[in-house]
Amino acid sequence: NQNYFELSKKAMNYSCQRQLKNGAWFYGADEKYHWIDNFHTGYNLDSLKRYIQYSNDQDFNHHLKIGYEYFKEKFFLSDGTPRYYHNRMYPLDIQCAAQAIDTLALFSNDDPSSLEIAKKVAMWTIKKMQSKKGYFIYRIYPLIKSKAPMIHWGQATMYKALNHLILKTNSDINR
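Keep in mind that what you see is a predicted model, and the values were worked out from it rather than measured.

Enquirer: Is there a simple way to explain the overall build of the protein in this structure?
Expert: A count of helices and strands for the protein gives 6 helices and 3 strands. With respect to the principal axes defined by its C-alpha atoms, the protein has extents near 50 × 40 × 30 Å. Every one of the 175 residues in the protein was classed for burial, and the buried ones make up 46%. Here the analysis covers contacts within the protein between residues at least 6 apart in sequence; of these, 60% occur between residues at least 24 apart. Just so you have it, the protein exposes about 9900 Å², and 53% of that area is on carbon and sulfur atoms. Of the side chains in the protein, 24 bear a positive and 16 a negative charge, and the two mean positions are spaced by 8 Å.

Below is the structure:
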């Protein structure tokens, strides 16, 4: 549908015109929203990748490439810990973990190394953020944990991400 394509291209133009030279996006356009975080970067990347895939419009390939490189470089420690912000780690947040796994799985056809990072993030999350009862906790701060089992913020997004990873690896991530 040409109308849908034109509308989505306008959205991609808006987003990509606001991408920083290093590949990052601020959370929002107003200065009070000028922080850079893991999961909103993942949302932008997922949307941009799907736009390119479904429209076959290659105009934004450079934006996708530098955004994805930034994402991989800034938001993960070597052990798989997903950082919330580009410049500091805390809080450790279940949404960051879930979106990171999902985004990395989405990019795995183009970048096989992303599956290894996604597996590390998944294993770190299972070890550090899954309760003994099975649910995923909300957040970890330097001195405390917020163990509330949020249905959307933690459970649904983590289950979706883990299933996406399993589909991409075609194996059990607990091995």
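Enquirer: What is the right way to look at helix α1 (residues 2-17) in this model?
Expert: Because the α-helix completes a turn every 3.6 residues, residues three or four places apart line up on one side. Compared with an ideal rise of 1.5 Å per residue, which puts 16 residues at 22 Å, α1 spans 22 Å between its outermost C-alpha atoms and is within 8% of the ideal. Residues of α1 that are buried include every one of M12, S15 and C16, and no others. Looking straight down α1, one finds that the buried residues subtend no more than 90 degrees of arc, so they occupy a single side. Looking at α1, the residues exposed on the side facing more than 90 degrees away from the buried face are N3, L7, K10 and Q17. Its buried side turned inward, α1 meets α2 (38-55) and α3 (61-74). For α1, the capping residue at the N-terminal end is N1, with a side-chain oxygen 2.8 Å from the backbone nitrogen of N3.

Enquirer: Got a minute to help me understand the pattern of salt bridges in this structure?
Expert: Side-chain pairs of opposite charge can arise where the charged atoms are in close proximity. Evaluation of the coordinates by the stated rule reveals 9 salt bridges. In this structure, D57 and K9 form a salt bridge, with 2.8 Å as the shortest nitrogen-oxygen distance. Of this pair, D57 sits in the loop between α2 and α3 while K9 sits in helix α1; the two residues are 48 residues apart in sequence, bridging distant segments of the chain. What makes D57 buried here is its relative accessible area of 7%. The salt bridge involving K72 is made with D111; its shortest N-O contact spans 2.6 Å. Residue K72 is found in helix α3, and its partner D111 is found in the loop between α4 (94-106) and α5 (113-129); the two are separated by 39 residues along the sequence. Residues participating in the shared-partner salt-bridge network are K9, D57 and D59.

Criteria and cut-off values
Residues numbered from 1 in each chain as written. Predicted model: local features only at pLDDT ≥ 70, side-chain atom pairs only at ≥ 80, totals over all residues. Heavy atoms only, no water. Helix = DSSP H or I, 4+ residues; strand = E, 2+ residues; numbered from the N terminus. Buried < 20%, exposed > 50% of the residue type's maximum accessible area, 1.4 Å probe, protein only. Contact = heavy atoms within 4.5 Å. Areas by Shrake-Rupley, 256 points an atom, 1.4 Å probe, with all protein chains shown as cover. Lys, Arg positive; Asp, Glu negative; His and termini not counted. Charge placed at Lys NZ, Arg CZ, Asp CG, Glu CD. Expected span 1.5 Å × (residues − 1). Arc of directions from axis to C-beta. Polar contact = N/O pair within 3.5 Å; in protein donor to acceptor, adjacent residues only side chain to side chain. Salt bridge = Lys/Arg side-chain N within 4 Å of Asp/Glu carboxyl O.

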